[in-house]
Amino acid sequence: MRFLNLLRPLIATVAFMAVAAGAHAADFKNGVDFTTLDTTSRPDTGKKVEVLEVFMYHCPHCNALEAPLADWVKKQGDKIVFRRMHLGEDAQAKAFFTLESMNALGNGLHEKFFHAVHVEHNRLNTDQSILDFVVKNGVDKTKYLEFFNSFAVQTKMKRGVQLANQYKLDSAPALVIDGHYTTSPAIAGHGLTSAPAAHAAMFAVMDSLVAKSAQERAAKK
């Protein structure tokens with residue numbers, strides 16, 4: 001009996017994923033599965049649809065989403081341009097924008113940051129602790145501090161706050177599709193208690209929104 005109880009969440013998740021895989025855009029509702037933003041412009045990404053992940057390093061839900069989101073992004077191929085934005089104005093947000101400006105996140109440091117916080121229980125919530133961490137992981141200290149104190153990073157921080165306000169986001173994780181639609185595991189997975197099922201629900205919604213956005217871009221040309 002205990003074995004069956006352990007299997008039930010897995011069975012529910014697999015069943016939901018099968019349903020979600022066959023869903024169409026018409027099955028998803030604005031205000032329920034996603035939100036349509038009151039915006040008139042789209043990101044300058046050519047024919048590709050921008051997918052923006054809004055996250056926070058200290059957020060456990062963001063940490064849980066990282067691996068399945070990476071898999072989803074790979075499956076999109078060249079249909080999308082994937083970007084990230086740290087929510088807030090804390091030490092971790094400034095570190096993200098600093099490392100992003102340095103192009104230092106593509107060597108696995110982004111994943112190591114999550115691992116340090118959620119697996120090693122290193123809070124990394126001060127500028128000094130983050131500096132020690134990034135230097136330990138191969139980032140040049142002088143170069144990091146140069147970018148950290150730069151006007152460019154200050155501008156990125158302010159722009160991040162502006163975008164969060166524009167997209168009406170006050171929690172993470174959230175996904176913004178082409179600057180026009182937002183969704184999240186909590187929104188798309190409403191009523192679901194399993195994280196994998198909520199993720200599957202969100203990815204199904206995102207698939208439909210990417211396709212919808214691509215059609216809208218094509219129609220405007």
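In what follows, the accompanying structure is described. (Residues numbered from 1 in each chain as written. Predicted model: local features only at pLDDT ≥ 70, side-chain atom pairs only at ≥ 80, totals over all residues. Heavy atoms only, no water.)

Now for the overall build of the protein chain. A tally of regular secondary structure across the protein chain gives 9 helices and 5 strands. Along its sequence from the N terminus, the protein chain presents helices and strands in the succession α-β-β-α-β-α-α-α-α-α-β-β-α-α. Burial analysis of the protein chain (221 residues in total) assigns 45% to the buried set. In the protein chain, 75% of the contacts between residues at least 6 apart in sequence involve partners at least 24 apart. Accessible surface for the protein chain amounts to roughly 12,200 Å². Of this, 56% is attributable to carbon and sulfur atoms. (Helix = DSSP H or I, 4+ residues; strand = E, 2+ residues; numbered from the N terminus. Buried < 20%, exposed > 50% of the residue type's maximum accessible area, 1.4 Å probe, protein only. Contact = heavy atoms within 4.5 Å. Areas by Shrake-Rupley, 256 points an atom, 1.4 Å probe, with all protein chains shown as cover.)

In this section: helix α5 (residues 127-136). Along α5, the residues classified as buried are Ile-130, Leu-131, Phe-133 and Val-134. End-on, the buried residues of α5 take up no more than an arc of 165 degrees, which puts them together on one face. Packing partners of the buried residues in α5 comprise α3 (91-101), α4 (109-118) and α6 (141-148). (Arc of directions from axis to C-beta.)

What follows is about the pairing of strand β4 (residues 174-177). Every second residue of β4 is oriented toward a common face, with Ala-174 and Val-176 on one face and Leu-175 and Ile-177 on the other, all of them buried. As defined by bridge partners, strand β2 (residues 49-55) adjoins β4 across 4 bridges and the pair is classed as antiparallel. Directly across from Leu-52, in β4, lies its bridge partner Val-176. Strand direction decides the pairing type here: β4 and strand β5 (residues 181-183), joined by 3 bridges, are antiparallel. Residue pairing across strands places Val-176 opposite Thr-182, the latter belonging to β5. What sits between β4 and β5 in their antiparallel hairpin is a turn of 3 residues, with Asp-178 showing a positive phi close to 55 degrees. (Pairing = 2+ DSSP bridges.)

Glancing now at unusual backbone geometry. The omega angle of the peptide bond from Ala-172 to Pro-173 is 0 degrees, so this bond is cis rather than trans. Relative to the helices and strands, Pro-173 is located in the loop between α7 (151-166) and β4. One non-glycine residue, Lys-168, adopts positive backbone phi at about 55 degrees. For Lys-168, the location among the structural elements is in the loop between α7 and β4.

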